[in-house]
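Below are the chains, spelled out letter by letter.
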Amino acid sequence: MKSLGTYGFIKGATGYIVGAIKKGSHNLEDFGYLLELIVLYATDLGLGTCWLGGTFTKSSFAKRINSKAGELVPGVISVGYIAEKPRRIESLLKRGKNTDRRLPWEELFFEDNFDRVLLPKRSREFLSVLNMVRLAPSASNRQPWRVVKRGNSCHFYLRRTPGYRESPLVRLTTVADLQRIDMGIAMSHFELTARELELDGGWQVSDPKIDLPDGDTEYTVSWVE
Ligand SMILES: Cc1cc2nc3c(=O)[nH]c(=O)nc-3n(C[C@H](O)[C@H](O)[C@H](O)COP(=O)(O)O)c2cc1C
């Protein structure tokens with residue numbers, strides 16, 4: 001495991017959850033969605049996990065799972081026992097980026113269109129569902145998910161962090177469009193909570209053509225009752 005290459009970010013006896021994708025529409029969202037289901041399962045067992053989108057050597061993981069031509073390993077997840085005390089590097093990284101913080105509700109969730117904030121009291125049965133989206137992990141904690149609720153449908157948008165993909169560090173270290181993986185992760189948080197609350201619905205890609213707030217925002221998928 002040590003030889004796999006995670007640039008010293010991951011320490012100790014650890015395992016990895018690795019997957020590969022082929023080219024195709026929504027492949028990165030699918031990847032995020034499916035791997036996050038495994039992350040949540042591991043979390044339920046009391047294990048610690050960390051998504052790695054940048055700080056791993058793609059080729060060594062791809063080799064270890066015998067990935068075929070045309071397959072890509074866009075990220076991996078390390079899994080292991082949670083350390084009793086956080087390492088110094090973890091405290092340093094977290095202090096710098098406020099990683100345990102999340103954006104306020106009113107910056108993430110809207111009603112009918114992007115001009116109107118979704119009031120928590122008007123979100124009714126979606127209150128917990130959206131709160132679980134808000135708690136989802138995301139690459140560099142950028143939290144790019146936005147949701148517009150219309151009736152009982154929730155439309156998911158990716159609000160790209162301006163300059164993020166083009167920044168030299170991200171270009172150098174990542175192999176995939178990590179913010180699309182973030183969208184899939186948010187979808188799994190949404191769906192598991194919806195199912196727990198026995199909300200009836202499913203995913204559809206059907207753009208409701210809501211006016212976009214800026215050029216960085218794009219439609220991804222809808223949850224339709
Ligand atoms: C797609 C993706 C890629 C990530 N890549 C890395 C990484 O390369 N290195 C790392 O230390 N953390 C990585 N993370 C972890 C995030 O930084 C972390 O989830 C976020 O800062 C929120 O922190 P929290 O989940 O502890 O609240 C990644 C997370 C996601 C969702």
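Residues numbered from 1 in each chain as written. Predicted model: local features only at pLDDT ≥ 70, side-chain atom pairs only at ≥ 80, totals over all residues.

Novice: Explanation requested: the overall build of the protein chain in the structure shown.
Specialist: Counting its secondary structure elements, the protein chain contains six helices and eight strands. Its helices and strands taken in sequence order, the protein chain reads β-α-β-α-β-α-β-α-β-β-α-α-β-β from the N to the C terminus. Since a compact globule built from 225 residues should have a radius of gyration of about 17 Å, the 18 Å found for the protein chain is in line with a globular shape. Seen through its C-alpha atoms, the protein chain measures out along the principal axes to roughly 50 × 40 × 35 Å. Counting every position in the protein chain, which comprises 225 residues, the buried fraction comes to 29%. Looking at the protein chain alone, contacts between residues at least 24 apart form 74% of all its contacts between residues at least 6 apart. (Helix = DSSP H or I, 4+ residues; strand = E, 2+ residues; numbered from the N terminus. Rg over C-alpha atoms; globule rule 2.2 N^0.38 Å. Buried ≥ 20, exposed ≤ 12 C-beta atoms within 10 Å, placed from the backbone. Contact = placed C-beta atoms within 7 Å.)

Novice: Before we go on, may I ask you to explain the sheet that holds strand β7 (residues 202-204) in this structure?
Specialist: What the five strands build is an open sheet, ordered β4-β5-β6-β8-β7; its pairing is mixed. Pairing within the sheet leaves two strands with one partner each, and these edge strands are β4 (109-111) and β7. Between one strand axis and the next, the sheet turns through 30° on average, direction left out of account. The pairing of strand β6 (residues 153-159) with strand β8 (residues 217-224) spans six bridges and is antiparallel. Within β8, the residue paired with Leu158 across the bridge is Glu218. (Pairing = 2+ DSSP bridges. Axes fitted to C-alpha atoms, helices over the stretch in contact; angles between N-to-C directions.)

Novice: Is there a simple way to think about the domain arrangement of the protein chain in this case?
Specialist: Accessible area lost during the coming together of the parts is what is often quoted as the interface size. Entries for the protein chain in the domain assignment read domain 1 (2-94) and domain 2 (99-224). In this structure, domain 1 and domain 2 have C-alpha centres spaced 22 Å apart. Taken together, the contacts link 19 residues of domain 1 with 21 residues of domain 2. When residues of the side of domain 1 that touches domain 2 are traced back to their parent elements, those giving at least two are α1 (27-44) and α3 (88-97). Residue contributions to the side of domain 1 that touches domain 2 peak at nine residues, all from α1. Class assignment for the residues of the side of domain 1 that touches domain 2 results in nine nonpolar, five polar and five charged. (Domains from an automatic or database assignment. Nonpolar A, V, L, I, M, F, W, Y, C, P; charged D, E, K, R; others polar.)

Novice: Is there a simple way to explain the packing of helix α4 (residues 127-134) against helix α6 (residues 178-196) in this structure?
Specialist: For any two helices packed against each other, one specifies the crossing angle of their axes together with the interaxial distance. Two numbers describe how α4 lies on α6: the axes approach to 8 Å, and their chain directions differ by 150°. The orientation of α4 relative to α6 falls into the category roughly antiparallel. For the element pair α4 and α6, the recorded crossing hand is right-handed. Contacts between α4 and α6 involve Ser128, Val129, Met132 and Val133 on the former and, on the latter, Ala186, His189, Phe190, Thr193 and Ala194. Of the residues that constitute the contact of α4 with α6, the class distribution is six nonpolar, three polar and no charged. (Parallel < 35°, antiparallel > 145°, perpendicular 65-115°, else oblique. Left-handed = near helix turned anticlockwise from the far one by under 90°.)

Novice: Sorry, what's going on with the pairing of β6 here?
Specialist: Two faces, one strand: in a regular strand the side chains alternate between the faces of the sheet. For β6, a buried count of six out of seven residues is recorded, marking the element as mostly surrounded by other parts of the structure. As defined by bridge partners, strand β5 (residues 145-150) adjoins β6 across six bridges and the pair is classed as antiparallel. Along β6, the bridge assignment pairs Arg146 with Tyr157. The hairpin turn running from β5 into β6, its antiparallel successor, is two residues long, and Gly151 in that turn takes a positive phi close to 60°.

Novice: Before we go on, may I ask you to explain the sheet that holds strand β3 (residues 76-80) in this structure?
Specialist: Within a sheet, neighbouring strands are paired by backbone hydrogen bonds and run either parallel or antiparallel to one another. Pairing is antiparallel in the open sheet, where three strands are placed in the order β1-β3-β2. Looking at strand neighbours, the two that pair on one side only are β1 (14-18) and β2 (48-52), the edges of this open sheet. The sheet shows a mean angle of 25° between the axes of neighbouring strands, taken without regard to direction. Relative to β3, β1 is paired through five bridges, and the arrangement is antiparallel. Within β3, the residue paired with Thr14 across the bridge is Gly80.

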